[in-house]
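Read off the chains here:
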Amino acid sequence: MTELLPDSPDTEASSRNKIPPEFYRTQHKLRLSYMPWLYFELKPVHREWAEDWQKNVQSYLTAVETVHVGKSCFIAPEAKLFAEPGRPIIIGDGSYIAADCVLHGPIKIGKNVSINHHVTMDGGRMGITIGDNSRIAANCQLYAFNHGNLPDTLICEQPIKSKGIAVGSDVWLGANVGVVDGVVISDHVIVGMSSQITRDVEAYKIIAGNPARIIGDRREKK
Ligand SMILES: CC(C)(COP(=O)(O)OP(=O)(O)OC[C@H]1O[C@@H](n2cnc3c(N)ncnc32)[C@H](O)[C@@H]1OP(=O)(O)O)[C@@H](O)C(=O)NCCC(=O)NCCS
């Protein structure tokens, strides 16, 4: 490792020369997969190969799953999308899905939405909707179903109930937020890191905690 440390320009240059150029492309793709906002800022020289790469990833997905992808989207090849007929995943223009996400339809994602790495969303029967311009940070978990809870039947044999989850526009879910089935999060809401949302949230509220409670209101921020 020591010889790779850039302790002097000479050392850095010589160690770079030992690395085959294709390794940089592989590493660049990985960087985009985990931080897709960089895809939208690529210089034209990189944008060209990256668009071809994305075309392949998206063509494969739309061929094998019921996935509809808008214009100028990015989907990391390391993301896992499952959408059987009748349980589509619809992705609006300019949105991205980062690496290691697991998405199971029905899910409708608006325009210019970020789904960061390791997000899990299962639409259950009724589905999940995310409004335009919302930000879903890493490791969020949205499950639009619950198992039944009758005392005399095994959990695994109880019917599954699903009401659906709705996330509005311009919403920011911080990292590691959980959302249970039936919740409606209105427009412009902010949710603090590691919060668990079990009740509907009114527009502009800032909420945090487990279970999440109101800690502020965006309209009062200067
Ligand atoms: C919620 C957040 C946005 C701050 O909002 P804010 O309105 O500026 O809130 P404040 O920092 O003034 O905190 C208000 C109160 O809420 C508490 N609080 C803030 N964030 C909290 C959280 N995530 N969980 C629990 N409590 C939290 C504070 O401790 C404070 O409590 P106090 O009044 O008893 O001291 C920020 O704390 C946060 O969680 N950001 C998410 C970061 C993230 O996930 N980034 C990922 C990259 S997208």
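Everything below is about the structure printed above this text.
Residues numbered from 1 in each chain as written. Predicted model: local features only at pLDDT ≥ 70, side-chain atom pairs only at ≥ 80, totals over all residues. Heavy atoms only, no water.

So, the side chain of S114: which residues are in play, and what are the values?
You can see S114 is positioned in strand 8 (residues 114–115). Looking at S114, its side chain comes within polar contact range of the side chain of Y96, at 3.5 Å. Among the polar contacts listed, one links the side chain of S114 to the side chain of R135, at a separation of 2.8 Å. In contact with S114, not counting residues within four places along its chain, are Y96, S134, R135 and I136. (Helix = DSSP H or I, 4+ residues; strand = E, 2+ residues; numbered from the N terminus. Polar contact = N/O pair within 3.5 Å; in protein donor to acceptor, adjacent residues only side chain to side chain. Contact = heavy atoms within 4.5 Å.)

Could you give me a rundown of the site of the ligand, with the residues and numbers involved?
Taken together, the neighbourhood of the ligand is formed by A137, W172, G174, A175, I190, G192, M193, I206, A208, G209, I215 and K221. One of the backbone nitrogen or oxygen atoms of A175 is found 2.6 Å away from an oxygen atom of the ligand. In the model, an oxygen atom of the ligand is placed 2.8 Å from a nitrogen or oxygen of the K221 side chain. Of the residues belonging to the shell around the ligand, the class tally is eight nonpolar, three polar and one charged. (Near = heavy atom within 4 Å. Nonpolar A, V, L, I, M, F, W, Y, C, P; charged D, E, K, R; others polar.)

Outline the state of the cysteines, listing residues and values.
The full count for this structure, using the stated rule, is zero disulfides. Its sulfur unpaired, C101 is 9.7 Å from the next cysteine sulfur, which belongs to C140. Look at C140 and you get buried, because its relative accessible area is 0%. (Disulfide = S-S within 2.5 Å. Buried < 20%, exposed > 50% of the residue type's maximum accessible area, 1.4 Å probe, protein only.)

Tell me about the packing of aromatic side chains, residues and numbers included.
Enumeration over the complete set of coordinates arrives at seven aromatic pairs. Ring plane angle 65° and centroid distance 5.7 Å describe the contact between W53 and F74, whose orientation is recorded as edge-to-face. Of this pair, W53 sits in helix 3 (residues 44–64) while F74 sits in strand 2 (residues 74–75); the two residues are 21 residues apart in sequence, bridging distant segments of the chain. Like F74, W53 is buried. (Phe/Tyr/Trp six-rings, centres within 6.5 Å; stacked < 30°, edge-to-face > 60°.)

Can you break down a nonpolar patch on the surface residue by residue, with the values?
On the surface, a cluster of nonpolar side chains totalling about 270 Å² of accessible area is made up of I19, F23 and Y24. By secondary structure assignment, the location of I19 is in the loop between helix 1 (9–17) and helix 2 (21–34). (Patch = residues over 30% accessible without salt bridge, like charges linked within 9 Å, V, L, I, M, F, W, Y side chains within 5 Å. Areas by Shrake-Rupley, 256 points an atom, 1.4 Å probe, with all protein chains shown as cover. Salt bridge = Lys/Arg side-chain N within 4 Å of Asp/Glu carboxyl O.)

Which residues make up a positive patch on the surface, and what values go with them?
On the surface, K161, K163, R199 and R213 cluster together to form a positively charged patch. Note that R213 resides in strand 22 (residues 213–217). (Lys, Arg positive; Asp, Glu negative; His and termini not counted. Charge placed at Lys NZ, Arg CZ, Asp CG, Glu CD.)

Nothing here speaks to function; it is all geometry.
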